[in-house]
Amino acid sequence: MKRRTFIGASAGASVGLLTGTAQAMKTTPLSTLELKGNIQHSACYWCYGSIPLETFLQDLNGLGVKAIDLTGPKEWPLLKKYDIHAAMCWGAGMGIEKGWNDTKLHEELVADYLQLIPKVAAAGYTNLICFSGNRNGMDDDEGLQNCVKGLKQLLPTAEKHGVVLQMELLNSKVDHNDYMCDRSRWGVTLCKALGSENFKLLYDIYHMQIMEGDVIRTIQDFHPYFGHYHTGGNPGRHEINDTQELNYPAIMKAILDTGYKGHVAQEFIPTYEDKIAALKEGITICDV
């Protein structure tokens, strides 16, 4: 399942120029990476949807990467076959645009998530993604209170099963026009209002660079509320090498300095012909 078909429009995959490093990575044979073990690496499958899932899981094993993001119950048996962990699950809800800020959707959303939460736990997984929804003219304070009202109905079940609901921070400037949870402070205020360790924010570095920048300071200030991280090169959401503006080694070190023990998932759209070489490069850059 491709992320763009599941959650709506995403960044277009324009082809960028390859640097000398990129060219070298394209010709490097697939081999297990000698990872330092400080970062738990994952990869968002939707970015590699042209590769059959089973082949992609074999590629992850070949690289020595043991987790994948954004898969649901139908994919989990195949993940088990290849001993790949589902670091961020999906499969409930109505996508990005229709979310917890709309009280008219609460009945359906609650039923959907309550059905999936026990399945996530039974499969041995922890994290389940959710979305605020678009503003549609709604005030941010009203939307936040609506999210609190709806999500509180899930927390007893999430706490019982040890599942962490993670609302993704997304930009509303380029990719997801009108999305409400588009600022770290808004998301942190929601976390504080819910007051549960079973609700966190999925801090997407690419999206928050677009909306607010100051990535490292934000991680330092708000890391207790961040339960998962996604990468992506800006501008363009492509490779995280020297073709873009973010200093990923420094960002990864800042994440480690907070004591974070969870996964960091690569979520960039490869421009390389060899998509696995692009993934290998991204993981190498982040393996500090």
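The rules behind the values
Residues numbered from 1 in each chain as written. Predicted model: local features only at pLDDT ≥ 70, side-chain atom pairs only at ≥ 80, totals over all residues. Heavy atoms only, no water. Buried < 20%, exposed > 50% of the residue type's maximum accessible area, 1.4 Å probe, protein only. Helix = DSSP H or I, 4+ residues; strand = E, 2+ residues; numbered from the N terminus. Arc of directions from axis to C-beta. Core = buried A, V, L, I, M, F, W, Y, C linked by side-chain atoms within 4.5 Å. Axes fitted to C-alpha atoms, helices over the stretch in contact; angles between N-to-C directions. Parallel < 35°, antiparallel > 145°, perpendicular 65-115°, else oblique. Contact = heavy atoms within 4.5 Å. Nonpolar A, V, L, I, M, F, W, Y, C, P; charged D, E, K, R; others polar. Disulfide = S-S within 2.5 Å. 1 Å grid on protein atoms, 1.4 Å probe; cavity = no way out; pocket = protein on both sides within 12 Å on 5 of 7 lines; lining within 4 Å. Points joined across faces, edges and corners; volume = space filled by probe spheres on them. Salt bridge = Lys/Arg side-chain N within 4 Å of Asp/Glu carboxyl O. Polar contact = N/O pair within 3.5 Å; in protein donor to acceptor, adjacent residues only side chain to side chain. pLDDT = per-residue confidence, 0-100. Pairing = 2+ DSSP bridges. Right-handed = clockwise from strand over helix to strand, strands pointing away.

Enquirer: Could you clarify how one ought to interpret helix 10 (residues 215–222) in this entry?
Expert: Think of an α-helix as turning once every 3.6 residues; residues three or four places apart then point the same way. When helix 10 is considered as a whole, its buried residues turn out to be V215, T218, I219 and F222. Down the axis of helix 10, the sector holding all buried residues measures 100 degrees, keeping them to one side.

Enquirer: Sorry if this is basic, but what is going on with the nonpolar core here?
Expert: Among soluble globular proteins, nonpolar side chains are generally buried collectively. Of all hydrophobic cores here, the largest spans 92 residues; its most connected members are L151, M167 and F199. Top contributing element to this core by residue count: helix 5 (residues 106–122), with six residues.

Enquirer: In this structure, what is going on with the packing of helix 10 against helix 11 (residues 248–257)? I would like to understand it.
Expert: How two helices pack is summed up by the angle between their axes together with the distance between the axes. The interhelical angle for the contact between helix 10 and helix 11, taken along N-to-C directions, is 10 degrees, at an axis separation of 9 Å. Between helix 10 and helix 11, the interaxial angle falls into the category roughly parallel. Where helix 10 abuts helix 11, its residues V215, I216 and I219 lie against A250, I251, A254 and I255. Taken together, the residues of the contact of helix 10 with helix 11 sort by class into seven nonpolar, no polar and no charged.

Enquirer: Can you help me understand the state of the cysteines in this one?
Expert: Disulfide: a covalent bond connecting the sulfur atoms of a pair of cysteines. As enumerated under the stated definition, the model contains zero disulfides in all. Free cysteine C44: the closest other cysteine sulfur is in C47, separated by 5.6 Å. The thiol sulfur of C181 is not disulfide-bonded, and the nearest other cysteine sulfur, from C147, lies at 7.7 Å. Residue C181 is classed as buried on the basis of its relative accessible area, which comes to 0%.

Enquirer: Sorry if this is basic, but what is going on with empty space enclosed by the protein here?
Expert: Once rolled over the atoms, a probe with the size of a water molecule shows which space is left empty. Throughout the structure, instances matching the rule amount to one cavity of 30 Å³ or more. As a volume, the largest cavity reaches approximately 50 Å³. Lining of the largest cavity is provided by 11 residues; of these, G93, M94, G95, Y113 and F131 occupy positions nearest its centre. Residue composition of the lining of the largest cavity, by class: seven nonpolar, three polar and one charged.

Enquirer: Please explain the environment of G232 as it appears in this structure.
Expert: Within the element layout of this structure, G232 appears in the loop between strand 7 (226–230) and helix 11. Measuring from C-alpha to C-alpha, the distance between G232 and I205 comes to 6.8 Å, with 27 residues separating the pair along the chain. Filtering out sequence-adjacent residues up to four positions away, G232 remains in contact with Y206, H238, I240, Q244, L246, Y248, E267 and F268.

Enquirer: Could you clarify how one ought to interpret the pattern of salt bridges in this entry?
Expert: Should their charged atoms come close, side chains of opposite charge can pair. A complete count under the given rule lists eight salt bridges for this structure. Residues R237 and E267 are paired through a salt bridge, measuring 3.0 Å at the closest nitrogen-oxygen approach. Placement of R237 in the loop between strand 7 and helix 11 and of E267 in the loop between strand 8 (263–266) and helix 12 (275–286) is noted, with a sequence separation of 30 residues between them. On the basis of relative accessible area, E267 is assigned to the buried category, the value being 0%.

Enquirer: Sorry, what's going on with the side chain of T71 here?
Expert: Looking at the element boundaries, T71 is found in strand 2 (residues 67–71). There is a polar contact of 3.3 Å between the side chain of T71 and the side chain of W76. Leaving out residues up to four positions away in the same chain, T71 has contacts with W76, L79, A86, M88, C89 and W90.

Enquirer: Could you clarify how one ought to interpret the confidence of the model for the protein in this entry?
Expert: The predicted coordinates of low-pLDDT regions are not to be read in fine detail. Averaged over all residues, the pLDDT of the protein equals 92, while 89% of them reach at least 70. In the model, residues 1–29 has pLDDT below 50 throughout and makes 67 contacts with residues more than four positions away in sequence or in other chains.

Enquirer: Help me out: how do you make sense of the pairing of strand 3 (residues 85–89) in this one?
Expert: Along a regular strand, successive side chains alternate from one face of the sheet to the other. Across the five residues of strand 3, four count as buried, placing the element largely inside the fold. Relative to strand 3, strand 2 is paired through four bridges, and the arrangement is parallel. When the bridges of strand 3 are listed, I68 appears paired with A86. Taken together, strand 2, helix 4 (residues 76–81) and strand 3 form a β-α-β motif whose crossover is right-handed.

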